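# Summary of structural features
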Amino acid sequence: GAGVSQTPSNKVTEKGKYVELRCDPISGHTALYWYRQSLGQGPEFLIYFQGTGAADDSGLPNDRFFAVRPEGSVSTLKIQRTERGDSAVYLCASSSTPSLDTQYFGPGTRLTVL
Amino acid sequence: AQSVSQHNHHVILSEAASLELGCNYSYGGTVNLFWYVQYPGQHLQLLLKYFSGDPLVKGIKGFEAEFIKSKFSFNLRKPSVQWSDTAEYFCAVRDSGYSTLTFGKGTMLLVSP
């Protein structure tokens, strides 16, 4: 079946602007994760949803970052007042059983803040 | 908090050479261990995983990894690499009962033909 999809694949914005990044998980997967990968680093956890609720948002760097998953499927990561340091690849992953199953990753959204 | 160390950031090998990539994690207890691979222009894909049982696990494309609990290690091996193995390899750890992964910084493998 279809894998995790993310849109857009690339996003260029100016410092101070607002951006939204979308993730469409594998159908039937109840768990959804957002990670951020900076240049030369491995992915770093941001937030995890189980169904519609954020089960763990301890990785969000500050209150400019917010994510929603209103119907338990598609999720949107929202970044307010973007800063140059927010430039990174934002990865989404999904799994069927959070603590037991493998996470399957999407292709990522490359965000560049000028 | 859990941390993951991958000892080599860049590895260059000739085809048919043997490969071993190191991975160590910091926190003891029960863990799940993963190796993901990212081929050029592609997304992260699972190479292999260890949850329990036989500490020697086999993955796709001839890769294997050995979990050594006493050393907090999960090294990746392949007896004979191919040019198509050129990719970035990430080790990841999940503390049992938790949901999120902690990744190492990755190792970029370049295999010359």
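Higher on the page you've got the structure.
Residues numbered from 1 in each chain as written. Chains lettered and ligands numbered in written order. Predicted model: local features only at pLDDT ≥ 70, side-chain atom pairs only at ≥ 80, totals over all residues. Heavy atoms only, no water.

### Here's the deal with the state of the cysteines
A covalent bond between the sulfur atoms of two cysteines is what we call a disulfide. In total, this model carries two disulfides over all chains according to the counting rule given. The side chain of Cys-23 of chain A participates in a disulfide bridge whose partner is Cys-92 of chain A; the two sulfur atoms lie 1.8 Å from each other. Here the disulfide of Cys-23 of chain A and Cys-92 of chain A is left-handed, its torsion about the S-S bond being about -65°. One end of the pair, Cys-23 of chain A, is in strand S3 (residues 19-24); the other, Cys-92 of chain A, is in strand S9 (residues 88-95), with 69 residues separating them in the sequence. Cys-23 of chain B shares a disulfide with Cys-91 of chain B; S-S distance 1.9 Å. Since a negative S-S torsion denotes a left-handed disulfide, the Cys-23 of chain B-Cys-91 of chain B link at about -65° is left-handed. In this pair, Cys-23 of chain B is assigned in strand S4 (residues 23-25) and Cys-91 of chain B in strand S10 (residues 87-95), connecting sequence segments 68 residues apart. The residues Cys-23 of chain B and Cys-91 of chain B share a single accessibility class, namely buried. (Disulfide = S-S within 2.5 Å. Helix = DSSP H or I, 4+ residues; strand = E, 2+ residues; numbered from the N terminus. Buried < 20%, exposed > 50% of the residue type's maximum accessible area, 1.4 Å probe, protein only.)

### Here's the deal with the side chain of Thr-109 of chain A
All names here are of chain A. Structurally, the position occupied by Thr-109 is in strand S11 (residues 109-113). Of note is the side chain of Thr-109, whose polar atom sits 2.5 Å from the backbone oxygen of Pro-8. Apart from the residues lying within four places of it in its own chain, the contact partners of Thr-109 are Gln-6, Thr-7, Pro-8, Ser-9, Lys-11, Leu-21, Ala-88, Val-89 and Tyr-90. (Polar contact = N/O pair within 3.5 Å; in protein donor to acceptor, adjacent residues only side chain to side chain. Contact = heavy atoms within 4.5 Å.)

### Structural notes on the interface of chain A and chain B
By a widespread convention, an interface's size corresponds to the accessible area lost as its parts come together. With 20 residues of chain A in contact, the opposing surface of chain B contributes 19 residues. Between chain A and chain B, the buried area comes to about 1500 Å², and carbon and sulfur atoms account for 54% of it. Where chain A packs against chain B, one counts zero salt bridges. The tally of links from chain A across to chain B stands at six residue pairs in polar contact (both at pLDDT 80 or more). When contributions to the side of chain A that touches chain B are tallied by element, the ones reaching two or more residues are strand S4 (31-37) and strand S5 (44-50) of chain A. For the side of chain A that touches chain B, the element with the highest residue contribution is S4 of chain A, accounting for three residues. Split by residue class, the side of chain A that touches chain B holds 10 nonpolar, eight polar and two charged. (Buried area = accessible area lost by both parts, 1.4 Å probe. Salt bridge = Lys/Arg side-chain N within 4 Å of Asp/Glu carboxyl O. Nonpolar A, V, L, I, M, F, W, Y, C, P; charged D, E, K, R; others polar.)

### What about the nonpolar core?
Judged by nonpolar contacts, the single largest core of 28 residues is most densely connected at Leu-33, Trp-35, Leu-48, Phe-74, Leu-76 and Tyr-89 of chain B. Among the nonpolar cores identified, the runner-up in size contains 20 residues, and Leu-60, Phe-65, Ala-67 and Tyr-90 of chain A belong to it. (Core = buried A, V, L, I, M, F, W, Y, C linked by side-chain atoms within 4.5 Å.)

### Comments concerning unusual backbone geometry
If a residue is not glycine, its phi is most likely negative; likewise, a peptide bond is most likely trans. Residue Pro-8 of chain A follows Thr-7 of chain A across a cis peptide bond; omega there is -10°. Topologically, Pro-8 of chain A is positioned in the loop between strand S1 (5-7) and strand S2 (10-13). Phi at Arg-81 of chain A is positive, roughly 45°, even though this residue is not glycine. Relative to the helices and strands, Arg-81 of chain A is located in the loop between strand S8 (75-79) and S9. Classification of Arg-81 of chain A by relative accessible area gives partly exposed; the value is 46%. Its identity is not glycine, yet Ala-16 of chain B carries a phi of approximately 80°, on the positive side. Within the secondary structure, Ala-16 of chain B is located in the loop between strand S2 (10-14) and strand S3 (19-21). Given the relative accessible area of 54%, Ala-16 of chain B is considered exposed.

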